[in-house]
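# Survey of secondary and tertiary structure
The lines below spell out each chain.
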Amino acid sequence: MRAEYPDFRLGNVLATSFTATLTERRGNAVERIPTPHRLIDWLAVNGLAVDSCTAAQLDLARELRESIHAAATASAIQGALPASAVQVINDRSVQGRAAAILTPEGQRRWRLGSASRVEDALSVIAADAISVIAGERDGKLALCASPTCQAAFFDTSQSRTRRWCDMNTCGNRQKKARFHANRRKNTRSAE
């Protein structure tokens, strides 16, 4: 990994992890895939290694990311899915060559075509988004309660009441802010 870039936020769901390559969407946005090489890094970390990436392919990836975010956000608030987002997700899903394979440990992994292309990896991400947004998995889409984040995430907690996209970032940041506000309030009350 290239140290000059912010760390990736990795989760258990490929599609929502991909949308987390742009964080703090309602604050000071943090772009985690600013260059084609950084997209190659993210894909490799997620088991979708590709040989190369152009600036045009990075643009395709970002368009898919934003389309997944828009559709997942609409789904989380039970709104209508944006037609343009659905079109991009469907287009990316059918444009790649990838196959699901079963590992000896009984897990599904994706195998890209022999000459791995970014489009092949994007088709896997789009297919994952389709299964999540279509409600084919046990869980629900939700939006992070952080006012600066609002990331779409897939809640698989037993109660389906998770509030934060990531407890180690957004959750802790909000709890810390609440703690300091209460501390200031209590200090003023004691004076």
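Residues numbered from 1 in each chain as written. Predicted model: local features only at pLDDT ≥ 70, side-chain atom pairs only at ≥ 80, totals over all residues. Heavy atoms only, no water.

Below, the discussion takes up the environment of Ile101. Assignment of secondary structure puts Ile101 in strand S3 (residues 98–102). Take Ile101: its relative accessible area is 25%, and that puts it in the partly exposed class. Between the C-alpha atoms of Ile101 and Arg111, which are 10 residues apart in sequence, the distance is 6.7 Å. Apart from residues no more than four positions distant in its own chain, Ile101 is found in contact with Gln107, Arg108, Arg109 and Arg111. (Helix = DSSP H or I, 4+ residues; strand = E, 2+ residues; numbered from the N terminus. Buried < 20%, exposed > 50% of the residue type's maximum accessible area, 1.4 Å probe, protein only. Contact = heavy atoms within 4.5 Å.)

If you check helix H3 (residues 55–76), its first and last C-alpha atoms are 31 Å apart, about what 22 residues at 1.5 Å a residue would give, namely 32 Å. Within the span of H3, buried status applies to Gln57, Leu58, Ala61, Leu64, Arg65, Ser67, Ile68, His69, Ala71, Ala72, Thr73 and Ala74. The first or second residue beyond H3 is Gln78, which carries a positive phi of 60°. (Expected span 1.5 Å × (residues − 1).)

Before going further, it helps to examine the pattern of salt bridges. Within this structure, the stated rule accounts for 11 salt bridges. A salt bridge links Arg117 to Glu119; the nearest nitrogen and oxygen atoms lie 4.0 Å apart. Two residues, Arg137 and Asp128, come together in a salt bridge whose shortest N-O distance is 2.0 Å. Residues participating in the shared-partner salt-bridge network are Arg25, Glu31, Arg62, Arg65 and Glu66. (Salt bridge = Lys/Arg side-chain N within 4 Å of Asp/Glu carboxyl O.)

The next subject is helix H4 (residues 83–94). The α-helix advances 3.6 residues per turn, and as a result positions three or four apart in sequence lie on the same side. The first and last C-alpha atoms of H4 sit 17 Å apart over 12 residues, in line with the 16 Å expected at 1.5 Å per residue. For H4, the set of buried residues is Ala85, Val88, Ile89 and Arg92. Looking straight down H4, one finds its buried side chains confined to an arc of 95°; they lie on one side. Facing away from the buried surface of H4 by more than 90 degrees, the exposed residues are Ala83 and Val94. Packed against the buried residues of H4 are H3 and helix H5 (118–133). (Arc of directions from axis to C-beta.)

Of the two faces of strand S6 (residues 152–155), the one lined by Ala152 and Phe154 and the one lined by Phe153 and Asp155 are each fully buried. Summarising the sheet, strand S5 (residues 140–143) and S6 pair through 4 bridges and their orientation is antiparallel. Its bridge partner being in S6, Ala142 is matched across the sheet by Phe153. (Pairing = 2+ DSSP bridges.)

Right, let's talk about the packing of H3 against H5 for a bit. Packing of H3 against H5 brings their axes to within 11 Å, and their N-to-C directions diverge by 0°. Considering the angle they form, H3 stands roughly parallel to H5. Between H3, through Gln57, Leu60, Ala61, Leu64, Ile68, Ala71, Ala72 and Ser75, and H5, the contact on the second element is made entirely by Val118, Glu119, Leu122, Ile125, Ala126, Ala129 and Ile133. Of the residues that constitute the contact of H3 with H5, the class distribution is 12 nonpolar, 2 polar and 1 charged. (Axes fitted to C-alpha atoms, helices over the stretch in contact; angles between N-to-C directions. Parallel < 35°, antiparallel > 145°, perpendicular 65-115°, else oblique. Nonpolar A, V, L, I, M, F, W, Y, C, P; charged D, E, K, R; others polar.)

Turning next to the side chain of Ser67. Tracing the backbone shows Ser67 in helix H3. For Ser67, a relative accessible area of 8% corresponds to the buried category.

Turning our eyes to something else, we now look at the side chain of Thr19. Looking at where Thr19 falls in the secondary structure, it is placed in helix H1 (residues 14–19). Within the structure, Thr19 has its side chain in polar contact with the backbone oxygen of Thr16 (distance 2.8 Å). With residues up to four places along the chain from it excluded, the contact list for Thr19 reads Arg25, Arg65, Ile68, His69 and Ala152. (Polar contact = N/O pair within 3.5 Å; in protein donor to acceptor, adjacent residues only side chain to side chain.)

Turning our attention to the environment of Arg184. Note that Arg184 resides in helix H6 (residues 167–190). Expressed as a C-alpha distance, the spacing of Arg184 and Leu39, which sit 145 residues apart in the sequence, is 43 Å.

Right, let's talk about the nonpolar core for a bit. As a rule of thumb, soluble globular proteins bury nonpolar side chains together. Residues Phe18, Leu39, Leu64 and Ile125 are the most contacted members of the largest nonpolar core, which totals 35 residues. The dominant element in this core, judged by the number of residues it contributes, is H5, at 9 residues. Not counting chain neighbours up to four residues away, the residues in contact with Leu39 comprise Phe18, Ile33, Cys53, Gln57, Leu58, Ala61 and Val118. Among the nonpolar cores identified, the runner-up in size contains 8 residues, and Cys149, Ala151, Phe153 and Trp164 belong to it. (Core = buried A, V, L, I, M, F, W, Y, C linked by side-chain atoms within 4.5 Å.)

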